[in-house]
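# A structural walkthrough
Residue-level listing of the chains:
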Amino acid sequence: MAILSCSANGKNHSFKPGELWPDNNGVHINAHGGGILFEKGKYYWFGEHKTEGEKGNVANVGVHCYSSKDLYNWKDEGIALSVAPEGSGSDIERGCILERPKVIYNEKTKKYVMYFHLEPKGAGYTGALSGIAVSDKVCGPYQYLKAVRPNAGYWAVNYPDELKEKSSKAEGLRFPGDRLPEHPDSMNIVKRDFGKGQMARDMNLFVDEDGTAYHIYSSEENSTLHIAQLTDDYLNYTGKYARFFIGRFMEAPALFKKDGKYYLMMSGCTGWAPNAARSAVADSIFGKWKELGNPCVGEDADLTFHSQSTYILPVQGHPGKFIYLGDRWTPENAIDGRYIWLPVEFEGNRFVIRWKEEWRLE
Ligand code: GAL
């Protein structure tokens, strides 16, 4: 991993977006498309472990975990969820696509629950499954439980009644890339997937103040975002879900809450290439969501500073302070992907993100 060992000259004292970020061993942090869990005074960063020379998304190792007390210095805690050996036939066999892992803690069961976007090996992005794994310890090892299409047999709470009756025009069709021949409602993709469950690709998790957890994911051939409630143990879907931003092709969703309002940051749908981010606000998680436009301002704002959102982190002990976590993907050598962490500022009814070469929490 020569190219990714950084000069380990002591501690990190600031965020330097886009630079190599050495862990405690002087190795560039390997946790892409990640998210963070705070627990007993420590942050835990989970993300996709990429391998050198790998072209993009193939999972050869699994989900990597790091821990930190100050957010600048990260200790390598090893692989939290390992892919299964090649030839094992497991859903998470080496060579699958395992993206955007997130972990939440369940107070009732005392278990750590991991969700990720899973595409079983050899089928491209047609699976659109949610993988679920669980552990008694924060850094794992996580035990893989299952991969599902969410909410089979349930209509979204805001699905129009007339569409429930109409046949689907999406039956048997495979959409190339991110373009649909027609608006998702006129294709009636939800109806096509009603029996087997809705597609779930780019994703995040959010635990509300009352302990209710939600899975937020790009669905309906990436055209529409779904927000789905999880059961009390966080291991299943309750069947309650809603659709938002219909036909807007939102990816990379990151949800956070401030002063009773829910905010979302998302990207457009251009694969590894960056695009202009979007943002939205709502008084309730199930809507109504109002789009607020691109939260990034300044030079390269239209490319999200060459990054794509993966998480918005509430800083512990600093109410109202949040950090934007983005990935600067390098699909030609995925392990070299960089992290763009920037402060989230609030202006009027919206949030904004500005570029900084180097910055500190205070
Ligand atoms: C991006 C997505 C990534 C990955 C990539 C593959 O749009 O956000 O998680 O799936 O496409 O091309």
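Before reading on, note that the structure itself is shown above.
Residues numbered from 1 in each chain as written. Predicted model: local features only at pLDDT ≥ 70, side-chain atom pairs only at ≥ 80, totals over all residues. Heavy atoms only, no water.

## Digging into the sheet that holds strand β13 (residues 237-244)
Ordered by their spatial adjacency, four strands build an open sheet running β10-β11-β12-β13, and the pairing between neighbours is antiparallel. Single-partner strands in this sheet number two, and they are β10 (203-207) and β13. Strand-to-strand, the axes of this sheet are offset by a mean angle of 25°, without reference to chain direction. The pairing of β10 with strand β11 (residues 213-219) spans five bridges and is antiparallel. Pairing of Met203 across the sheet is with Tyr217, part of β11. (Pairing = 2+ DSSP bridges. Helix = DSSP H or I, 4+ residues; strand = E, 2+ residues; numbered from the N terminus. Axes fitted to C-alpha atoms, helices over the stretch in contact; angles between N-to-C directions.)

## A closer look at the sheet that holds strand β22 (residues 350-354)
Pairing within the open sheet is mixed, and its five strands lie in the order β18-β22-β21-β20-β19. Each having just a single partner strand, β18 (296-297) and β19 (308-314) make up the two edges of the open sheet.

## Brief notes about the nonpolar core
Counting residues in hydrophobic clusters, the biggest one holds 38 residues, and the most contacted among them are Trp45, Trp74, Ile323 and Trp341. Within the residue set of this core, elements represented by two or more residues are β2 (42-48), β14 (251-258), β15 (261-267), β19, β20 (322-328), β21 (338-347) and β22. When residues of this core are assigned to their parent elements, the largest contribution, five residues, is made by β21. One finds Cys65, Leu98, Val103 and Tyr144 within the second-largest nonpolar core, a separate group that totals 25 residues. (Core = buried A, V, L, I, M, F, W, Y, C linked by side-chain atoms within 4.5 Å. Buried < 20%, exposed > 50% of the residue type's maximum accessible area, 1.4 Å probe, protein only.)

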